[in-house]
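Letter by letter, the chains look like this.
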Amino acid sequence: MKGLAAAAAASALTGCRSTGSSGESGLDGSLKWGKAPCRFCGTGCGVLVGVRKGRIEAVTGDPDCPVNRGTLCAKGYHLPGILYGDDRITRPLLRKGDGYEPISWDQAITLIAQKYQEAIDKHGRNSVGIYGSGQWTIPEGYAALKWFKGGLRSNNIDPNARLCMGSAVTGHMTTYGSDEPAGAYDDIEYADAIVLWGNNMAEMHPVLFNRVLARKRQAPHVQLIDITTRRTPTSAYADLVMLMKPQGDLAIANGIARHLVHHSGLDQQFVDDHCTLRKGKTNIGYGTEDHFKFQDKPEPIDLEQYRELVAPYTPERVAELAGVSVADLKTLAEIYAAKQTRVLSLWCMGVNQHVRGTWMNNLIHGLHLLSGKIGVPGSTPFSLTGQPSACGTCREVGTLAHGLPADGHVKVPEHRAKAEKIWKVKPGTIDPKPGLHAMAMFRALDRGDLKVMWVQVTNPFVTVPNLRRYRDGKKKKRDDSFLIVSDIYPTPTTALADLILPSCGWVEKAGVFGNSERRHQQWEQLAKPPGEAKPDVWQTVAVARKMGLTEIFPETDSLERDLYNEFREFTLGVGKDVPTYETLQATHGGLRWPYVDGKETIYRYVVGADPYAKKGTRMDFYKAKKTGGRAVIWFRPWEPAAESPDEEYPFWLCTGRVLEHWHTGSMTRRVPQLHRAVPRTYCEVHPEDAQQLGLRPGDKLRITSRRGSCELQASIGGRGKPQRGQLFVPFFDESVAINDVTLDAYCPISKEPDYKKCAVKVERV
Ligand code: SF4
């Protein structure tokens, strides 16, 4: 396993089968095989699952899935183990004093319905909330959305995808008027240059990174550029590694834009035909205060004004702001400027978890629009997704505080009317005011304004930044609020719950996920759940029905099929058409929307490739209705981080993930092979900083910020290598609450927190 991690290219393997923990080979032909997408990242690898007597015995990469073509990464091969840890939650458990007592499902559902109704009657519909996940299946997310916005008339629903994809959503919406990428994974095989913006792809999207390396092997001219704050396993394969200062990406992107419009690379025809330019508000704040409000004010500008705005981003000034060399900056700018070079920009958390995350998304899209490098195979801006259905469930279903399905917004009367019609609820009753986004929801819980909250398929009391405030807040408000948590294992979040519900995991239930490239993949229930565990969709619908909402949740023999097909109604005719549940059942490897006349769409907005793109020469940005069918090139300046190192707190802290563990590790730490590979978290320290601090590898150190501290072991010269003055800590280990230290500053537009930048001090313990 350590070998796998060190050699990132080897992290995607072919031709192996991983057996489950029963000791049987799983290769004697008696297994029943089914298909499913992987449970982990947004890549969406297809998996063949071998089951005997209701238990998973084996998995292998699905050779017929176009995403992974038979390969899986280290996590994928250990999927069976995530279901068979020895501490699965098997019964509903109600808090009693400091412990829990088992109750029946009927008692649990009745209690939840009562708690929600009492809070709404006494404190109003804004006193209740539900916090979900990019790991919700589409039917699960859709059921929660319909229950909350259509049934309870509360918009207080938000997912953990806010913490990873919020800025990608607002980036797409403000640029194209519609969420999700124009391109697809196919672009990898045509690109001449692949630019990674703050993206450790070798560890976070290993199977896709394998496709990147295969492209480089087949076409040796292909350049891989790694723009990063620390050297990672990805950097080992890059032709150019641009080590930048935290927040330096804003300056680098503006520097490239300046090169395009002042020197060479501007595709004037493309900009004239397909684009419009805007600037927005500046000095927009950081969202650290409760009840923070921000509304951007887009102002049209022309190309001459844009030229003036980016003029100050000279190579020398960018070099100073970003800490990169003028020569490297020119090399990168010339890659975007070269007419014949097809450029694929890829990004993920480094860009999204950023106090100017929407701006960074806008800027990367802008580079491709200015240079016309979009809508050509191999040339596209492409945002990678962290979770398996952050796209399908949170972004397409719209399980966000402002959202409705298929790019719907509660503020728009026609979107509300459409939802009321499809949901068959009284016209004019959906609340037009967006609800509480994730950070606002946890702040409301801390203040005691949120009385009842249900957490499904996620572990926020590990992942929320400035965690101590919210954890202590929930503990203090124990008698004043009611927290329900559905999960498969005990976690720090279930430890705070008043009621714990046992959920089915992965293929113990049927579902649909939507991956980064608009691909929907369906699977059937393949394995038996333990004890009394139930699918989250069943739990939500049972409570809704108990609250009298039987008309919007009628009896059916398949909740998954009916809810998915109902969600599909929102997508038809608006350029987001998804296939029917039955079509997906019959398809191996899934299909990409818009799916029209039995055909999937690879290149969105491209005339001749997208059935909706009918006007225009090359492209038709038909969703950009507010800007007359034109994509928006935004001027977005460099602004400082919310908190920077000073004398008292002299280090930058960045947090993130590792190859072997999925998010908070609640599943992967139960897989012995993955746990043994990386059993504890650690703090990466630069060797010279370590020397000054008297630290050797494995020594215990304490990290302290203005918000909290934690102790963990030092890693020096290990997998990741931070620059001087910077630290990196993976967050998968619940025994080290690194989010006690992080800052809950967020992008004012997307409300996505910045987990990559805060100021800390460090000392040897
Ligand atoms: Fe593929 Fe991601 Fe699963 Fe690895 S974790 S097998 S890359 S979907």
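Please refer to the structure placed before this passage.
Nothing here was measured: the structure is a model prediction, and the numbers come from that model.

Peer 1: Where do I start with the overall build of the protein chain in this structure?
Peer 2: Secondary structure assignment for the protein chain yields 24 helices and 34 strands. Each principal axis of the C-alpha distribution contributes one length, and for the protein chain these read about 70 × 65 × 60 Å. Of the roughly 25,800 Å² of accessible surface on the protein chain, 50% is carried by carbon and sulfur atoms. Within the protein chain, the 86 negative side-chain charges are centred at a point lying 1 Å from the centre of the 99 positive side-chain charges.

Peer 1: Would you mind going over the site of the ligand with me for this structure?
Peer 2: Every residue near the ligand is listed here: Cys38, Phe40, Cys41, Thr43, Gly44, Cys45, Leu72, Cys73, Lys75, Gly76, Pro206 and Val207. Structurally, the ligand is housed in the second largest cavity. Those elements that place two or more of their residues in the shell around the ligand are β6 (72-73), α2 (74-77) and α7 (206-218). Across the shell around the ligand, the residue classes break down as eight nonpolar, three polar and one charged.

Peer 1: Looking at this structure, how should I read the pattern of salt bridges?
Peer 2: Any two side chains of opposite charge can pair, so long as their charged atoms come close to each other. This model, assessed by the stated rule, comprises 52 salt bridges. Between Asp106 and Lys546 there is a salt bridge, with the nearest N and O atoms lying 3.7 Å from each other. Linking Asp106 in helix α3 (residues 105-123) with Lys546 in helix α20 (residues 536-546), this pair joins segments that are 440 residues apart in sequence. Accessibility expressed as a relative area gives 42% for Lys546, which makes it partly exposed.

Peer 1: Is there a simple way to explain the environment of Asp239 in this structure?
Peer 2: Tracing the backbone through its elements, the reader meets Asp239 in the loop between β13 (230-231) and β14 (240-243). Separated by 17 residues in sequence, Asp239 and Val222 have C-alpha atoms that sit 9.1 Å apart. Those residues in contact with Asp239, other than ones at most four positions away along the chain, are Lys216, Val222, Gln223 and Leu224. There is a polar contact of 2.7 Å between the side chain of Asp239 and the backbone nitrogen of Leu224.

Conventions and cut-offs
Residues numbered from 1 in each chain as written. Predicted model: local features only at pLDDT ≥ 70, side-chain atom pairs only at ≥ 80, totals over all residues. Heavy atoms only, no water. Helix = DSSP H or I, 4+ residues; strand = E, 2+ residues; numbered from the N terminus. Areas by Shrake-Rupley, 256 points an atom, 1.4 Å probe, with all protein chains shown as cover. Lys, Arg positive; Asp, Glu negative; His and termini not counted. Charge placed at Lys NZ, Arg CZ, Asp CG, Glu CD. Near = heavy atom within 4 Å. 1 Å grid on protein atoms, 1.4 Å probe; cavity = no way out; pocket = protein on both sides within 12 Å on 5 of 7 lines; lining within 4 Å. Sits in = over half its atoms within 2 Å of the grid points. Nonpolar A, V, L, I, M, F, W, Y, C, P; charged D, E, K, R; others polar. Salt bridge = Lys/Arg side-chain N within 4 Å of Asp/Glu carboxyl O. Buried < 20%, exposed > 50% of the residue type's maximum accessible area, 1.4 Å probe, protein only. Contact = heavy atoms within 4.5 Å. Polar contact = N/O pair within 3.5 Å; in protein donor to acceptor, adjacent residues only side chain to side chain.

Interpretation in functional terms is not warranted from these geometric data alone.
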